[in-house]
Amino acid sequence: MKTPFALGLLLAASFLGTVDSARAQAPVVLTAATAPAGVRPALARHESALADPVREALRTLPQAKKKFLAGLPSGDQFLLSVRVVATDTSFRQASARVLGWHGTTVQALLLPEVADSAEPLPVSFPETAVVDWTLLRASGREEGNYVGRYTDTARQMESMPLR
């Protein structure tokens, strides 16, 4: 018997259309425990460089999860940042728009890297895969995004001329 959530996920997937399996493989969302051996060194460097903003994002994630589960106003979106396998020795950070959250499992649509490049892909992953969260309000206001703001600030600092 299908649960209402499973039916909703199937409906969302049907709106995405059929994805040609030769063109796109199912994304593999990483957790520290499930990362392939070839990806672990890059993952360790990434975790070390972003330890403080990731720690803050994970500290505040339970409250953000409660907001999502209580229901978001129309137009608001809840995004989670996760790491996705890119090659056998690398990964990329990706955004996933949350569709549902059951216990510690998240059902979401993995957004493409570049707008209009591909359709979002349905994905399910454990809460332990989350690196950051962002609540985008319909008004344009943003909550969370600790890692994103940190990396934006670091890039700005790197581009500043030395005197």
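Preceding this section is the structure that the text describes.
Scoring rules and cut-offs
- Starting from 1, residues in each chain are numbered consecutively following that chain's sequence as written.
- Local features in this predicted model are restricted to residues whose pLDDT is 70 or higher, and side-chain atom pairs enter the listing and the counts only when it is 80 or higher, whereas totals over whole chains, interfaces and linings include all residues.
- The side-chain values count all of the structure's non-hydrogen atoms but skip hydrogen atoms and water molecules.
- Exposure is judged per residue with a 1.4 Å probe applied to protein chains only, and the accessible area is read against the type maximum: over 50% gives exposed, under 20% gives buried, and values in between give partly exposed.
- Each helix is a run of H or I in the DSSP string that is no shorter than four residues. Each strand is a run of E no shorter than two, and both are numbered from the N terminus.
- Think of it as the arc spanned by the lines of direction from the helix axis to the C-beta atoms.
- When DSSP finds two or more bridges between two strands, those strands count as paired.
- Between N-to-C directions, angles cover 0 to 180 degrees, with each direction set by a line fitted to C-alpha atoms, over the stretch in contact for helices.
- Residue contacts follow a heavy-atom distance rule, with two residues in contact if any of their heavy atoms lie within 4.5 Å.
- By salt bridge we mean one thing: a side-chain nitrogen of Lys or Arg within 4 Å of a carboxyl oxygen of Asp or Glu.
- Nonpolar core, defined: a set of buried Ala, Val, Leu, Ile, Met, Phe, Trp, Tyr and Cys residues in which side-chain atoms within 4.5 Å join the residues together.

Help me understand helix 2 (residues 40–49), please; the structure alone is not making it clear to me.
Along helix 2, the residues that are buried comprise Ala42, Leu43 and His46. Along helix 2, the residues classed as buried sweep out an arc of 100° about the axis, all on the same side. Facing away from the buried side of helix 2 by more than 90 degrees, the exposed set consists of Arg45 and Ser48.

I keep staring at the environment of Glu113 and nothing clicks. Help me out?
Tracing the sequence through the fold places Glu113 in the loop between strand 3 (105–110) and strand 4 (121–126). A relative accessible area of 62% means that Glu113 is categorised as exposed.

Which parts of the structure should I look at to understand the sheet that holds strand 3?
Adjacent strands of a sheet pair through backbone hydrogen bonds, lying either parallel or antiparallel. Overall, antiparallel pairing links the 6 strands, which are arranged 4-3-2-1-5-6 in an open sheet. One side of each edge strand has no neighbouring strand; the edge strands of this open sheet are strand 4 and strand 6 (142–144). Put simply, the sheet's adjacent strands are angled 40° from each other on average, direction ignored. Strand direction decides the pairing type here: strand 2 (residues 90–102) and strand 3, joined by 6 bridges, are antiparallel. Among the inter-strand pairings, His102 is bridged to a residue of strand 3, identified as Thr105. The sheet strands contacting helix 3 (residues 51–70) are strand 1 (77–87), strand 2, strand 5 (130–136) and strand 6, and the helix crosses strand 5 at an angle near 50°. Taken strand by strand, helix 4 (residues 146–159) contacts strand 2, strand 5 and strand 6, and its axis lies near 95° from that of strand 5.

Just checking my understanding: could you explain the pattern of salt bridges for this structure?
Pairing between side chains of opposite charge can happen when their charged atoms approach one another. Taken as a whole and judged by the stated rule, the model has 9 salt bridges. One salt bridge in this structure joins Arg155 and Asp152, with 3.6 Å as the shortest N-O distance. On the criterion of helical spacing, the pair formed by Arg155 and Asp152 is a turn pair, its members being 3 residues apart in helix 4. A residue is classified by how much of its surface remains accessible, and Arg155, at 55% relative accessible area, is exposed. One continuous salt-bridge network, built from bridges that share partners, spans Lys67, Asp76, Arg137, Arg141 and Glu143.

Would you take a moment to explain the nonpolar core for this structure?
The tendency in soluble globular proteins is for nonpolar side chains to be buried as a group. In terms of nonpolar packing, the biggest core is built from 22 residues, with Phe78, Leu80, Trp101, Phe125 and Trp133 touching the most fellow members. With near-sequence residues (within four places) excluded, Phe125 lies in contact with Val29, Leu80, Val82, Ala96, Thr104, Thr105, Val106, Ala108 and Val130. Counting 6 residues, the second-largest nonpolar core is a separate cluster that includes Leu30, Ala35, Ala42 and Leu43.

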